[in-house]
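One-letter residues, chain by chain:
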Amino acid sequence: MKLSLPPALGNIWQLLLGITFMSFGICLISAVHLGTTPISSLPWTLAKITDLTFGTTTFLCNVAFLLIQILLLRKEFSKYNFLQIPLVFLFSLFTDFWMWVFSVLTVDSYLLLLFLSLAGNLFLALGVAFEIRSKSIPLPGEGLVIAVSVVCRQPFYRIKIGNDVTMVVLAAVLGWLFLNEIYGIREGTLISAFMVGIFVKIFTKLLDRVWPLN
């Protein structure tokens, strides 16, 4: 069975599904404390340092990413890109909601925690697949990668890897300076770094069959 919606409506629904699944996946990965995702490592560490919610630090970090986009692109920065702010605000609200849901999660088995981390990566990848298919507004983190890619004339994937590494390094340094530990960067972080891209390709192929783009 194939799902068919008007293009504009379909794109909005896919974007909303994308940020819902992405926030769910990131929060599940983070809540089991085996290491958060590379892109979320900085706001996760800042949340621990400042006692702000994960959603709040996610929003603040993404506002910073948007400001960097403006500095890089200057006149090439489209006013349309300011729509990233309400989008990431909604994403941050979802993040705090899911963290509240997972606050009751108590699991002692390492294997079960690892399974939940993997499940979180599946949901994250599904969300990314929906976001890409929506062909609409990127979250500021992705928008920053696009901006750097344009300015430096380098492939997106190469800048994406560099951006993820930068986020992890910054999180590690801040954790070491303020918490006397590297917080939230563990085996789960490596799993996300390697597996999400693979899962995204799988889900994209499946979604193309179930929900073909018009």
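Calculation criteria
Residues numbered from 1 in each chain as written. Predicted model: local features only at pLDDT ≥ 70, side-chain atom pairs only at ≥ 80, totals over all residues. Heavy atoms only, no water. Core = buried A, V, L, I, M, F, W, Y, C linked by side-chain atoms within 4.5 Å. Buried < 20%, exposed > 50% of the residue type's maximum accessible area, 1.4 Å probe, protein only. Helix = DSSP H or I, 4+ residues; strand = E, 2+ residues; numbered from the N terminus. Contact = heavy atoms within 4.5 Å. Phe/Tyr/Trp six-rings, centres within 6.5 Å; stacked < 30°, edge-to-face > 60°. Salt bridge = Lys/Arg side-chain N within 4 Å of Asp/Glu carboxyl O. Patch = residues over 30% accessible without salt bridge, like charges linked within 9 Å, V, L, I, M, F, W, Y side chains within 5 Å. Areas by Shrake-Rupley, 256 points an atom, 1.4 Å probe, with all protein chains shown as cover. Polar contact = N/O pair within 3.5 Å; in protein donor to acceptor, adjacent residues only side chain to side chain. Axes fitted to C-alpha atoms, helices over the stretch in contact; angles between N-to-C directions. Parallel < 35°, antiparallel > 145°, perpendicular 65-115°, else oblique. Left-handed = near helix turned anticlockwise from the far one by under 90°. Nonpolar A, V, L, I, M, F, W, Y, C, P; charged D, E, K, R; others polar.

K.L.:
Help me understand the nonpolar core, please; the structure alone is not making it clear to me.
P.N.:
Soluble, globular proteins show a tendency: their nonpolar side chains are buried together. In terms of nonpolar packing, the biggest core is built from 37 residues, with M22, F102 and L124 touching the most fellow members. For this core, the elements supplying multiple residues, two or more each, are α1 (7-31), α4 (84-102), α5 (110-134) and α8 (187-210). Apart from the residues within four sequence positions on either side, F102 is in contact with F24, C27, L28 and A31. Core analysis: the next-biggest nonpolar cluster, separate from the first, contains 5 residues, L42, C61, L144 and M167 among them.

K.L.:
What is the right way to read the packing of aromatic side chains from this model?
P.N.:
Here a ring pair, both rings aromatic, is described through the centre-centre distance and the interplanar angle of the planes. According to the stated counting rule, one finds 12 aromatic pairs in the structure shown. Arranged with centres 5.3 Å apart and planes meeting at 65 degrees, the rings of F24 and F102 form a pair that is edge-to-face. Remark: F102 occurs in helix α4 and F24 occurs in helix α1; sequence separation between them is 78 residues. Of the two residues examined, F24 and F102, each falls in the buried class. Ring centres of F97 and W100 lie 6.1 Å apart, and the angle between their planes is 40 degrees; on these two criteria the pair is classed as tilted.

K.L.:
Help me out: how do you make sense of the pattern of salt bridges in this one?
P.N.:
Proximity of charged atoms lets side chains of opposite charge pair with each other. Going through the model one piece at a time under the given rule, you end up with 3 salt bridges. Among the ionic pairs, K160 bridges to D164, the shortest N-O distance being 2.8 Å. In this pair, K160 and D164 both sit in helix α7 (residues 156-178), 4 residues apart, roughly one turn of the helix. Here D164 falls in the buried class, since its relative accessible area comes to 16%.

K.L.:
Is there a simple way to explain a nonpolar patch on the surface in this structure?
P.N.:
Taken together, the side chains of Y157, I161, V165, V169, V173, W176, L177, F178 and I182 present a nonpolar region at the surface, about 980 Å² in accessible area. Along the chain, F178 turns up in helix α7. Classification of F178 as exposed rests on a relative accessible area of 55%.

K.L.:
Any chance you could explain the side chain of D164 here in plain terms?
P.N.:
Separated by 2.8 Å, the side chains of D164 and K160 make a polar contact. Apart from the residues lying within four places of it in its own chain, the contact partners of D164 are P38 and I39.

K.L.:
What is the right way to read the packing of helix α2 (residues 41-50) against helix α3 (residues 54-73) from this model?
P.N.:
Each pair of packed helices can be summarised by the angle the axes make with each other and by the distance between the axes. Viewed as axis vectors pointing N to C, α2 and α3 meet at an angle of 125 degrees, and their least axial separation amounts to 8 Å. Viewed along their axes, α2 and α3 adopt a mutual orientation that is oblique. By crossing handedness, the relation of α2 to α3 is classed as right-handed. Residues L42, P43, W44, L46, A47 and T50 of α2 touch α3, and the partners they reach there are F54, T57, T58 and C61. Looking at the contact of α2 with α3, its residues break down into 7 nonpolar, 3 polar and no charged.

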